[in-house]
Amino acid sequence: MTGFDAVFLSYDEPMANSLHSRLQRTLGGTVKRLHGVHGMRLAYRLCAEVVDREQFFLADGDFAIDPGFDPADVRPLDEGVSMRVWRAVTPVNGLTYGYGGLKLISRSALREMGEAVDVLAALPGRIEFAHQTAGITRFNQSPFHAWKAGFRECAMLERGSEYGMADGDAHRRVEAWTLSRSGEFAAYSAAGAREGVSFARQAARDPQQFDHLNDPTWLRERFTAAHGDQAVSG
């Protein structure tokens, strides 16, 4: 491991244990685990309290790191930069971008995080996007998890990217999500994407509804109401 700490943030992902072990092997040291915290904003804030160093790697519970990723090549964040995001492959639609990617993040920035639907978009300071692809975001581990990924991402893109993404790029990514057809449970990601777009258009009249996107209980209930109780297997 380099001079950075690392945290693996998981909630209910079926492959979380194996992906945590994979991250530890690749980074070459102990990766702390924060698991089962209800509410995404709280979970990210707590990550700042379990590390000992100011800058640390942060991986979500469905991130499968590329074994060729070399942490020794990673330079620290510059002054005024709160986070760097490496790209990840999206397994259902061929996209490769920052969604679900590995992060290097500042503990003090997390402690000062503001309010945003896409939680980490509210960090103070600048956010860097690395050109390197660091792994695959393996959200398609069950029908529910595949649906949730499409629903949340497309609802936020349809609402308007909080990272400053151009509208044209956002629309192209939404279209790719709605056409998801490769990999396990791709049809659920496509359905989630379409439903996420509809949700965003309806919620535009009541913006507080977007808070539901960070509520795992609400998301599971929404999925079950539309697709039946296949949240774990299908």
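Up top you'll find the structure we're talking about.
Residues numbered from 1 in each chain as written. Predicted model: local features only at pLDDT ≥ 70, side-chain atom pairs only at ≥ 80, totals over all residues. Heavy atoms only, no water.

Engineer: Describe the overall build of the protein, naming the residues involved and giving the relevant values.
Structural biologist: For the protein, the count of helices and strands is seven helices and eight strands. What you see for the protein is a C-alpha radius of gyration of 17 Å, in line with the 17 Å of a compact globule of 234 residues. A principal-axis box enclosing the C-alpha atoms of the protein has dimensions of 45 × 35 × 30 Å. For the protein, with 234 residues in total, the buried portion stands at 51%. Look at the contacts in the protein between residues 6 or more apart in sequence, and 74% of them connect residues 24 or more apart. Of the roughly 10400 Å² of accessible surface on the protein, a fraction of 48% belongs to carbon and sulfur atoms. Each charge class in the protein was averaged separately, 26 positive and 30 negative side chains, and the resulting centres sit 2 Å apart. (Helix = DSSP H or I, 4+ residues; strand = E, 2+ residues; numbered from the N terminus. Rg over C-alpha atoms; globule rule 2.2 N^0.38 Å. Buried < 20%, exposed > 50% of the residue type's maximum accessible area, 1.4 Å probe, protein only. Contact = heavy atoms within 4.5 Å. Areas by Shrake-Rupley, 256 points an atom, 1.4 Å probe, with all protein chains shown as cover. Lys, Arg positive; Asp, Glu negative; His and termini not counted. Charge placed at Lys NZ, Arg CZ, Asp CG, Glu CD.)

Engineer: Would you mind going over unusual backbone geometry in detail, with residue names and values included?
Structural biologist: In this model, Phe185 sits at a positive phi of 60°, which is unusual for a non-glycine residue. Residue placement: Phe185 occurs in the loop between α5 (167–178) and α6 (186–203). Since its relative accessible area comes to 19%, Phe185 is described here as buried.

Engineer: Which residues make up helix α1 (residues 16–27), and what values do they have?
Structural biologist: With 12 residues, α1 extends 16 Å from end C-alpha to end C-alpha; this agrees with the ideal 16 Å at 1.5 Å per step. Restricting attention to buried positions, one finds in α1 the residues Ala16, Leu19, His20, Leu23, Thr26 and Leu27. The buried residues of α1 occupy one face: seen down the axis, they fall within an arc of 130°. When the buried face of α1 is taken as reference, the exposed residues oriented beyond 90 degrees from it are Asn17 and Arg25. Tucked inside the fold, the buried residues of α1 contact β1 (5–10), β2 (32–35), β3 (55–60) and β4 (63–65). (Expected span 1.5 Å × (residues − 1). Arc of directions from axis to C-beta.)

Engineer: Can you break down the environment of Ala72 residue by residue, with the values?
Structural biologist: Inspection of the secondary structure puts Ala72 in the loop between β4 and β5 (81–89). Here Ala72 falls in the exposed class, since its relative accessible area comes to 58%. Spatially, the C-alpha atoms of Ala72 and Leu102 are 15 Å apart, while their sequence positions differ by 30 residues.

Engineer: A description of the side chain of Gln141 should follow, citing residues and the corresponding values.
Structural biologist: Relative to the assigned elements, Gln141 resides in the loop between β8 (126–137) and α4 (143–159). The class for Gln141 is buried, based on a relative accessible area of 11%. Within polar-contact distance, the side chain of Gln141 engages the backbone nitrogen of Met15 at 2.6 Å. A polar side-chain atom of Gln141 sits 2.6 Å from the main-chain carbonyl oxygen of Arg138. (Polar contact = N/O pair within 3.5 Å; in protein donor to acceptor, adjacent residues only side chain to side chain.)

Engineer: Could you give me a rundown of the pattern of salt bridges, with the residues and numbers involved?
Structural biologist: Two side chains that carry opposite charge are able to pair once their charged atoms sit near each other. A full pass over the atoms with the stated rule returns 11 salt bridges. When the shortest N-O distance is used, the salt bridge between Arg220 and Asp12 registers 2.8 Å. A residue pair is termed long-range when its members are at least 10 positions apart, and Arg220 in helix α7 (residues 216–227) and Asp12 in the loop between β1 and α1 qualify at 208 residues. Exposure remark for Arg220: the relative accessible area of 28% places this residue in the partly exposed category. The closest approach of N and O atoms between Arg75 and Glu128, which form a salt bridge, is 3.9 Å. A residue pair is termed long-range when its members are at least 10 positions apart, and Arg75 in the loop between β4 and β5 and Glu128 in strand β8 qualify at 53 residues. Residue Arg75 is classed as partly exposed on the basis of its relative accessible area of 44%. (Salt bridge = Lys/Arg side-chain N within 4 Å of Asp/Glu carboxyl O.)

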